[in-house]
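What the coordinates show
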Amino acid sequence: MNKKLAAAVSGCAALVLVLSGCGDDGDEKANAWAKKVCDVWQPHLDKVEKANAEMKRVSSQDSKSDEVQRVDSAAFQTQADAYTAMAKALRDAGVPPVKDGQSTLDASAGGFEAAAKGYADVKTKIDALDAKDPAKFADGLEALSGDIEAANQGSKNAFGELNESGMAKALNAQKGCKVAAPAPTG
């Protein structure tokens, strides 16, 4: 029923923590900053993964419209809350110890804030769909795929900023920034 939505959701799941890059292992300041961030991020990253897994589950099964609406609405609220908290964690950790640290902080936190707003908007739109009419509901979901992609782009931009800044290695070294892959569903 909502294959485009499932494709958009799977894109979101894939970018929870796509950081790569180089840095100095001995950079205590970078590691200390990354620890502050990742310790706060951990539960939110896990929630996003679980929400994505639930959305994929209902989109891959022959689920009824009201179940899809309920699961998707809850998942997008979870994502909005998680990305808001992730942006706050970045701001609370302060300027990262990299060149142009303030612009890195502003851009990455801003990306997560944009993602949070986008997911909150999608949740509102999903809640407004008529789940009693499966055809209308499916059309409504399909119409939201662009909004979901726009929300995904905010988090992609945030992770991209962190990657380009040179903080990726320090973030990836933190236990809190490692996400366990959810069990396959379906």
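The name given to the chain in an unreviewed UniProt entry is Small secreted protein, with the source organism recorded as Streptomyces toxytricini.

**Side note on the environment of Glu149**
Its place among the elements puts Glu149 in helix H5 (residues 134-165). By relative accessible area, which is 35% here, Glu149 ends up partly exposed.

**Some details on the pattern of salt bridges**
Under the defined criterion, the tally for this structure stands at 9 salt bridges. Ionic pairing is found between Arg91 and Asp106, a salt bridge with its closest N-O pair at 3.6 Å. In this pair, Arg91 is assigned in helix H3 (residues 65-93) and Asp106 in helix H4 (residues 101-128), connecting sequence segments 15 residues apart. Accessibility expressed as a relative area gives 36% for Arg91, which makes it partly exposed. Here Lys125 ties to Asp147 by a salt bridge, and the two come within 2.8 Å at their closest N and O atoms. Here the residue Lys125 occupies a position in helix H4, and Asp147 occupies one in helix H5, the gap between them amounting to 22 residues.

The rules behind the values
- Residues numbered from 1 in each chain as written.
- Predicted model: local features only at pLDDT ≥ 70, side-chain atom pairs only at ≥ 80, totals over all residues.
- Heavy atoms only, no water.
- Helix = DSSP H or I, 4+ residues; strand = E, 2+ residues; numbered from the N terminus.
- Buried < 20%, exposed > 50% of the residue type's maximum accessible area, 1.4 Å probe, protein only.
- Salt bridge = Lys/Arg side-chain N within 4 Å of Asp/Glu carboxyl O.

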